[in-house]
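# Survey of secondary and tertiary structure
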Amino acid sequence: MSGTTDAATATPAAGVPIPPVEPPPHGLGVSLPSADASAKTQGTFPYAADLWADGLLWAAVLRSPHPRARIVSLDTRQAAELPGVRAVVTHADVPGDAGHGRGIADRPVFAKDEVRYHGEPIAAIAADHPDTARLAAAAIAVEYELLDPVTDPQLAFEAEPLHPDGNLIRHIPLRFGDPEAVGEVMVEGLYRIGRQDPAPIGAEAGLAVPRPDGGVEIYTASTDPHADRDLAAASFGLDPERVKVVVTGVPGATGDREDPGIQISLGLLALRTGCPVKLAATREESFLTHAHRHPTLLRYRHHADAEGTLVKVEAQILMDAGAYADTSAEALAAAVSFSCGPYVVPHAVIEGWAVRTNNPPSGHMRGEGAMQVCAAHEGQMDKLAARLGLEPDEIRRRNVMATGDLLPTGQTVTCPAPVAELLRAVTEAPLPDLPKDTPAAEWLLPGGLEGAGEPGAVRRGVGYALGMVHMLGAEGADEVSTATVKVSGSVATVICAAVETGGGFSTLARQIVQETLGVEEVHVAGVDTDQPPAGRACHGRHTWVSGGAVERAAKMVRTQLLQPLAHKFGMSTELLQITDGKITSYDGVLSTTVAEALDGKELWATAQCRPHPTEPLDESGQGDAFVGMAFCAIRCVADVDIELGTIRVVEMSVAQDVGQVLNPRQLRARIEAGVTQGLGAALMENLRTTRGQVRHPDLTGYALPTALDAPDIRIVHLVEERDVVAPFGAKAVSAVPVVTAPAAVASAVRAATGRPIGRLPIRPQAAVAQSAQGTPQGVQG
């Protein structure tokens, strides 16, 4: 028999008092766990790929094998005659708008006369078995006339139009200060940023179910359900009220997540067949169809005086949008606006273009636009430091931005901008120890135990980077969100169409209600388009706008709860407080519980949050385009085998301004994830193409950082300086480390090798040193 006793059944000794059971902590500032953590861990959480319905049909999509070709003929008869095939739809079967797109509706639902990228949809099939649907797609006869693809964005300006709207999506000529100003010292650089894929954990999937009223319901992992509903309804030729989008579990999202074209195909098939239709994309389809980070070519020229103070920045920024516009205009605005980085620059001449090509589609990803220019302006700061004989951190310190300074768009930085404090924190953080030159530690070398490198060829480099991003939408985007809070008994419910994509909104909403109403049990309802819109799940919107709407609704319920008590005792509601489920007055006369005060009533309120308006950039790139900004500093320590070009990132030290920490564990996890995603962009992630043809669209050909690749990520300093215009004063935290980390890695490799490092991801041949400049491993100092 065991000698241990179950604590739950243990009997205390006589006379020993039983300690009170402390309630679990809740409210803002607490590391409240996610409500769905257990279901996700156990594999019971419902994702779109898990859905089922009676009479289910399966969909498949025929996609173009060519990046550019004219469709000479399209014959679906053989596919339609296969046993088990219930419907085949093409461009001729789209009853409403034939084009769709975020911002600009320039993308056809199905290609009609021409395909413009590898993977563009041509037709969709519904069948009683997924294999039948795929066989039918392969049986569709398409005759192509191959056309020469335009894959170099530099050639897009002179090439024939690839789209009826032309090849140029947007041009921003920014002028700030004196364009003729020059400095005593000038450095130039050319930078290329690769095509990073969001690589979601789960590939895209969805289920469309026809409704008795002739409408359709679409179940999918949408991150902006109301926008997707409106796009789909326009293509179906239906009123938006007859199309409902129900959000299923989102298996990770670092961008828009879903290609709306999949949802439109599913809806058309469901309406045609009168049956539920499901599609689970293959990993190859996922790589071919969803949006990627914009590949970008950047040319920079920095002017400074003899002391290293910046005088002027000149830059040309060329973004490859792929075949269609998507969010390229937004990404270009961010790139141009943040092209000088978090530095004081009195004069700037920036030219920015976004162009169409026959490459894979580009769109929203964390830090779009800002990440590409960060890699370039930080490379320029390293070059300027080397030219002037200054340390990389010192050149940055002499130029950092602060609250009250101007962006090159002319906008005043009114939010907290503690850039100098962030830089000081990472500079003063202790450096990691050097590994010893022993066989037991060889796995610590770049390339690992089988890397074939010699310890004597390894050099350690220390690099720095400062980055910034904007929060919420920009250039006049309406960022309104609506939320409803209901309280009944001892349970509260939050209804808000803000999609939980891994950013922690559902947990934050629970914490807000707990903090405001003292109700511990809070449920967040599922999201669908029957609820008022809350907008996209990006740029930290839901922490700010949707969280603000939840807070306002909860405060309205709080007033409803307290007013009768305040009236009864002859005091204002401001003299009452709610703590741990108890209502007390300032003088202690009143003390009751929330449940007693409710007395069986249900209270509810609906509120909106809308931040202050912004404005589009004008013809000179000037304007107050952004609601707020966030900043980050990262110091990277990397070991580089200067003979083989292999790289091991040893440590990333991060300092970030976060406004206010609302959930410490969640915040740290988001920063660590952002740094790791940035590491992938720096060293390995690049969706490779050959003349527009995607090579190896799978997770064997596209490398992602694993736990073995992730360095020691040390969050050395968090600046909690509240942004007064933001609810709770909090800032978005996940995008800015993604933006800053690649530049920090490149800076460390420059320090180790003496090479310029102008391309991301960094190729091994670029990290082979021209001279031994770093610190050899095993040598202290």
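Our structure's up above, just so we're on the same page.
The text that follows walks through the structure, step by step, so that each part is easy to find. (Residues numbered from 1 in each chain as written. Predicted model: local features only at pLDDT ≥ 70, side-chain atom pairs only at ≥ 80, totals over all residues. Heavy atoms only, no water.)

### Things to note about a positive patch on the surface
The grouping of Arg192, Arg299, Arg759 and Arg763 at the surface amounts to a positive patch. By the secondary structure assignment, arginine 763 is in the loop between β31 (759-760) and β32 (775-776). By relative accessible area, which is 41% here, arginine 763 ends up partly exposed. (Patch = residues over 30% accessible without salt bridge, like charges linked within 9 Å, V, L, I, M, F, W, Y side chains within 5 Å. Areas by Shrake-Rupley, 256 points an atom, 1.4 Å probe, with all protein chains shown as cover. Salt bridge = Lys/Arg side-chain N within 4 Å of Asp/Glu carboxyl O. Lys, Arg positive; Asp, Glu negative; His and termini not counted. Charge placed at Lys NZ, Arg CZ, Asp CG, Glu CD. Helix = DSSP H or I, 4+ residues; strand = E, 2+ residues; numbered from the N terminus. Buried < 20%, exposed > 50% of the residue type's maximum accessible area, 1.4 Å probe, protein only.)

### Re the packing of aromatic side chains
Counted according to the given criterion, the structure contains seven aromatic pairs. On the numbers, 5.8 Å between centres and 80 degrees between planes, the contact of phenylalanine 157 with tryptophan 353 is edge-to-face. Highlighted residues: phenylalanine 157 in the loop between β8 (141-146) and β9 (168-176) and tryptophan 353 in strand β17 (residues 347-355), separated in sequence by 196 residues. Aromatic pair phenylalanine 287 and tyrosine 702: ring centres 5.4 Å apart, planes at 55 degrees, arrangement tilted. Residue phenylalanine 287 is located in helix α6 (residues 283-289), and its partner tyrosine 702 is located in the loop between β29 (693-694) and β30 (712-719); the two are separated by 415 residues in the primary sequence. Taking NZ or CZ as reference, lysine 40 lies 4.9 Å from the ring centre of phenylalanine 45, over its face. (Phe/Tyr/Trp six-rings, centres within 6.5 Å; stacked < 30°, edge-to-face > 60°. Lys NZ or Arg CZ within 6 Å of the ring centre and 35° of its normal.)

### Observations regarding the environment of cysteine 415
In this fold, cysteine 415 is placed in the loop between α9 (392-397) and α10 (419-428). In this structure cysteine 415 comes out as buried when scored by relative accessible area, which is 3%. Once residues lying within four places of it in the same chain are set aside, the contact partners of cysteine 415 are Thr403, Met629, Phe631, Asp723 and Lys731. (Contact = heavy atoms within 4.5 Å.)

### Some remarks on the pairing of strand β1 (residues 57-63)
Most of β1 is tucked away: seven of the seven residues are buried. Side-chain alternation along β1 places Leu57, Ala59, Val61 and Arg63 on one buried face and Trp58, Ala60 and Leu62 on a second face that is also buried. Alignment of β1 against strand β14 (residues 277-280), held across two bridges, turns out to be parallel. Bridge assignment links tryptophan 58 to a residue of β14, and that residue is lysine 278. In this sheet, strand β7 (residues 121-127) lies alongside β1 in antiparallel orientation, the contact comprising six bridges. Following the sheet pairing, alanine 59 is matched in β7 by alanine 126. (Pairing = 2+ DSSP bridges.)

### Concerning the environment of threonine 289
Mapped onto the secondary structure, threonine 289 falls in helix α6. Given the relative accessible area of 2%, threonine 289 is considered buried. Through-space distance from the C-alpha of threonine 289 to that of proline 260 is 9.9 Å; in sequence the pair is 29 residues apart. For threonine 289, the side chain forms a polar contact with the main-chain oxygen of glutamate 285, separated by 2.8 Å. (Polar contact = N/O pair within 3.5 Å; in protein donor to acceptor, adjacent residues only side chain to side chain.)

### Comments concerning the packing of helix α4 (residues 225-236) against helix α5 (residues 260-273)
Put simply, α4 and α5 touch, their axes get as near as 10 Å, and they point 45 degrees apart. With respect to each other, α4 and α5 are oriented oblique. For the pair α4 and α5, the sense of crossing is right-handed. Two secondary-structure elements touch here, α4 through Asp228, Leu231, Ala232, Ser235 and Phe236 and α5 through Pro260, Gln263, Ile264, Gly267, Leu268 and Leu271. Of the residues that constitute the contact of α4 with α5, the class distribution is seven nonpolar, three polar and one charged. (Axes fitted to C-alpha atoms, helices over the stretch in contact; angles between N-to-C directions. Parallel < 35°, antiparallel > 145°, perpendicular 65-115°, else oblique. Left-handed = near helix turned anticlockwise from the far one by under 90°. Nonpolar A, V, L, I, M, F, W, Y, C, P; charged D, E, K, R; others polar.)

### A closer look at the packing of helix α11 (residues 505-517) against helix α12 (residues 541-569)
Working note: a packed helix pair is described by the angle between its axes plus the distance between those axes. The N-to-C vectors of α11 and α12 enclose an angle of 30 degrees; their axes lie 9 Å apart at closest approach. In terms of axis orientation, α11 runs roughly parallel to α12. Pair α11 / α12 crosses with right-handed handedness. Across the interface between the two elements, Phe505, Leu508, Ala509, Ile512, Val513, Thr516 and Leu517 from α11 touch His542, Thr543, Ser546, Gly547, Val550, Glu551, Ala554, Lys555, Val557 and Arg558 from α12. A per-class count over the contact of α11 with α12 returns nine nonpolar, five polar and three charged.

### Looking at unusual backbone geometry
The omega angle of the peptide bond from leucine 760 to proline 761 is 0 degrees, so this bond is cis rather than trans. Topologically, proline 761 is positioned in the loop between β31 and β32. Even without glycine at this site, glutamate 475 takes up a positive phi of about 55 degrees. Tracing the sequence through the fold places glutamate 475 in the loop between β18 (458-474) and β19 (481-488). Phi angles above zero are rare outside glycine, and arginine 691 is one such case at about 50 degrees.

### Focus: the sheet that holds strand β22 (residues 576-579)
Across the sheet, three strands lie side by side as β22-β23-β24; this open sheet has antiparallel pairing. The outermost strands of the open sheet, each flanked by one partner alone, are β22 and β24 (591-593). Adjacent strand axes in the sheet meet at a mean angle of 25 degrees when their direction is disregarded. Alignment of β22 against strand β23 (residues 582-585), held across four bridges, turns out to be antiparallel. Bridge pairing in β23 links threonine 579 to lysine 582. Contacting β22, β23 and β24, α12 runs over the sheet at an angle of about 125 degrees to β22.

### Here we look at the nonpolar core
Phe631 and Val745 are the most contacted members of the largest nonpolar core, which has 156 residues in total. Counting 27 residues, the second-largest nonpolar core is a separate cluster that includes Ala126, Ala233, Ala270 and Val277. (Core = buried A, V, L, I, M, F, W, Y, C linked by side-chain atoms within 4.5 Å.)

### Concerning the side chain of threonine 248
If you trace the backbone, threonine 248 turns up in the loop between β13 (243-247) and α5. Given the relative accessible area of 12%, threonine 248 is considered buried. A distance of 3.5 Å separates the side chain of threonine 248 from the backbone nitrogen of alanine 221, its partner in a polar contact. Those residues in contact with threonine 248, other than ones at most four positions away along the chain, are Pro46, Tyr47, Ala48, Leu51, Tyr219, Thr220 and Ala221.

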